[in-house]
Amino acid sequence: MSASQILPRAFPRFERIFRPPQLIRRITPIAGLPRITIRLRPCHSYGRPVTDVSMGSNHIRYQTCEPVLRLTTDAPLSYIVQETTFPLTARSP
């Protein structure tokens, strides 16, 4: 993985360069066809679950918390929201 792939994106905002915090996790199968479950349960205000969840074309937005959290992925969104186990296939470069 090169440095350009892990550095946060930056763009101008309010006459400054804005760099939103990001966490990037890449899951790649080493051998075979492993089955995985992606479980994401963000909380806010000392452990309250996020209840306002919306899905876009390739992201899930958790709106109850501040700041709003966004998961961008190429995995099936419904599998993540429903915590469904699915096979992890190799992604083409």
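I will try to describe carefully the structure that is included in this document. (Residues numbered from 1 in each chain as written. Predicted model: local features only at pLDDT ≥ 70, side-chain atom pairs only at ≥ 80, totals over all residues. Heavy atoms only, no water.)

Turning our attention to the overall build of the chain. A tally of helices and strands in the chain yields two helices and nine strands. In the chain, the succession of α and β elements from N to C terminus is α-β-β-β-β-β-β-β-β-α-β. In the chain, which comprises 93 residues, the share counted as buried stands at 17%. The contacts of the chain with a sequence gap of at least 6 include a subset with a gap of at least 24, amounting to 29%. Accessible area of the chain: about 7900 Å², with a carbon and sulfur share of 54%. (Helix = DSSP H or I, 4+ residues; strand = E, 2+ residues; numbered from the N terminus. Buried < 20%, exposed > 50% of the residue type's maximum accessible area, 1.4 Å probe, protein only. Contact = heavy atoms within 4.5 Å. Areas by Shrake-Rupley, 256 points an atom, 1.4 Å probe, with all protein chains shown as cover.)

Let us now look at the pattern of salt bridges. Per the counting criterion, the structure on display carries one salt bridge. A salt bridge links Arg 41 to Glu 83, with the nearest nitrogen and oxygen atoms 2.8 Å apart. With Arg 41 in the loop between strand S3 (35–36) and strand S4 (43–44) and Glu 83 in the loop between helix H2 (77–81) and strand S9 (86–87), this pair connects stretches of sequence that are 42 residues apart. A relative accessible area of 27% places Glu 83 in the partly exposed class. (Salt bridge = Lys/Arg side-chain N within 4 Å of Asp/Glu carboxyl O.)

The topology assignment puts Ala 90 in the segment after S9. Judged by its relative accessible area of 66%, Ala 90 is exposed.

We now examine the side chain of Thr 73. Within the element layout of this structure, Thr 73 appears in the loop between strand S8 (69–72) and H2. Within the structure, the side chain of Thr 73 is placed 2.9 Å from the backbone nitrogen of Ala 75, a separation counted as a polar contact. Those residues in contact with Thr 73, other than ones at most four positions away along the chain, are Asn 58 and Ile 80. (Polar contact = N/O pair within 3.5 Å; in protein donor to acceptor, adjacent residues only side chain to side chain.)

Looking at where Ile 24 falls in the secondary structure, it is placed in the loop between strand S2 (16–18) and S3. Owing to a relative accessible area of 43%, Ile 24 belongs among the partly exposed residues under this scheme.

Once that is clear, we can look at a nonpolar patch on the surface. On the surface, Val 53, Met 55 and Val 81 cluster together into a nonpolar patch covering about 240 Å² of accessible area. Checked against the element boundaries, Met 55 lands in strand S6 (residues 53–55). (Patch = residues over 30% accessible without salt bridge, like charges linked within 9 Å, V, L, I, M, F, W, Y side chains within 5 Å.)

When you line up the elements, His 59 lands in strand S7 (residues 59–62). Residue His 59 is classed as buried on the basis of its relative accessible area of 9%. At 3.2 Å, the side chain of His 59 forms a polar contact with the side chain of Arg 61. Among the polar contacts listed, one links the side chain of His 59 to the side chain of Arg 70, at a separation of 3.3 Å. The residues touching His 59, leaving out its near neighbours within four places in the chain, are Ser 54, Arg 70, Leu 71, Thr 72 and Leu 77.

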